[in-house]
Amino acid sequence: MNLSRFLSLTSANCRQITSSSYQLSQNSSLNRRLSTNLNVVRRFTEKVARNCWKCEATGVENSVMCGKCGALTSPDTSRSYFSLLNVSESFDVNSSKLTENFRQLQSVVHPDKFSNKSEMEQKHAMDWSSLLNKAYSTLSTPFKRAEYMLSIKNVTIPERNETLDPEFLMEMMERNEEIAEFETRKEFDEYLEKLKTELDDLYKGFAKLLEQNETENALKALIRIRYVNNLEKKIKEKLYELKD
């Protein structure tokens, strides 16, 4: 019998108890059967939720290691990156704490430390390491962090330019043309400094909008940030070419 069918039958039995307490008191056999069913559901639910794969201990939902047998647990991919790395869910993340927590966790779950363990623990170590690397890469990079925080609110950057403000796109085209006319290192360096200041202001504005839950305006700010990032990347590439 599958779980949904089992839960359905158990729920029906529970309603039967509620609607007729007199019948339950007169039918000890039914009482014992229902009690057994509920205990089985409880045990099964705990097992599905987050039991230790090795010793079946409960309560390992957010644990790296099982507190009973010490086995490496499987990572919970539904947890947010902020929760995973134990930092506050804020755009102005504490970078020092982020790095420290990441390194501490990686030192515990690094696959090299489980080379002599079971195949299951080796797999969990690989999964943990991959997840932690992805979480750290996302939260330690301002643009990725901003994009991730919007995704938590089910907001994503549109892929097609047709959905963007035409005036904004025109501005970006003009700025690209301006950069294309630069010839000296001084011109590139000066413009690069302007872009860094602009990006700092844009990120501050984004953080404030997100804090106020103005997701639509936060998305507009992030789109602008993406384009300014591209301008910055283009200038750095030009500067590298000038070295040659």
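Residues numbered from 1 in each chain as written. Predicted model: local features only at pLDDT ≥ 70, side-chain atom pairs only at ≥ 80, totals over all residues. Heavy atoms only, no water.

Caption draft 1: Highlighting the confidence of the model for the protein chain. Chain-level statistics for the protein chain give a pLDDT mean of 80 and a share of 77% at 70 or above. Mean pLDDT across the elements of the protein chain bottoms out in helix H3 (residues 28–50) (40) and peaks in helix H7 (residues 142–152) (96). Across residues 1–49, confidence stays below pLDDT 50; counting only partners more than four residues off in sequence or on other chains, it has 22 contacts. (pLDDT = per-residue confidence, 0-100. Helix = DSSP H or I, 4+ residues; strand = E, 2+ residues; numbered from the N terminus. Contact = heavy atoms within 4.5 Å.)

Caption draft 2: Structural context of unusual backbone geometry. A positive phi is found at Asn-86, a non-glycine position, where the angle reads about 55°. Examined against the element boundaries, Asn-86 turns out to sit in the loop between helix H4 (81–84) and helix H5 (95–109). When its relative accessible area of 52% is taken as the criterion, Asn-86 is described as exposed. Positive phi, close to 60°, is recorded for Asn-154, a residue that is not glycine. Summarising the element assignment, Asn-154 is placed in the loop between H7 and helix H8 (166–180). Taking the relative accessible area as the measure of exposure, Asn-154 reaches 73% and is therefore exposed. (Buried < 20%, exposed > 50% of the residue type's maximum accessible area, 1.4 Å probe, protein only.)

Caption draft 3: Focus on the packing of helix H9 (residues 185–211) against helix H10 (residues 215–243). Relative orientation of the contacting elements H9 and H10 amounts to 160°, with a least axis distance of 9 Å. Judged on the interaxial angle alone, H10 and H9 are roughly antiparallel. The chirality of how H9 crosses H10 is left-handed. Residue composition of the contact of H9 with H10, grouped by class: 19 nonpolar, two polar and nine charged. (Axes fitted to C-alpha atoms, helices over the stretch in contact; angles between N-to-C directions. Parallel < 35°, antiparallel > 145°, perpendicular 65-115°, else oblique. Left-handed = near helix turned anticlockwise from the far one by under 90°. Nonpolar A, V, L, I, M, F, W, Y, C, P; charged D, E, K, R; others polar.)

Caption draft 4: Up close: the environment of Ser-63. Take Ser-63: it is sitting in the loop between H3 and H4. By relative accessible area, Ser-63 is classed as partly exposed at 24%. In sequence terms Ser-63 and Cys-52 are 11 residues apart; their C-alpha atoms lie 9.9 Å from each other. Each residue touching Ser-63, except ones within four places of it in the same chain, is listed here: Thr-73 and Trp-128.

Caption draft 5: Focus on the pattern of salt bridges. For the structure shown, the criterion picks out six salt bridges. A salt bridge links Arg-175 to Glu-171, with the shortest nitrogen-to-oxygen separation between them at 3.6 Å. Residue Arg-175 and its partner Glu-171 are both found in helix H8; the two are separated by four residues, about one turn of the helix. In this structure Arg-175 comes out as buried when scored by relative accessible area, which is 12%. Given a relative accessible area of 27%, Glu-171 falls into the partly exposed group. For Glu-193, the salt bridge is made with Lys-196, and the minimal N-O distance between the two is 3.9 Å. In this pair, Glu-193 and Lys-196 are both assigned in helix H9, three residues apart and thus about one turn of the helix distant. (Salt bridge = Lys/Arg side-chain N within 4 Å of Asp/Glu carboxyl O.)

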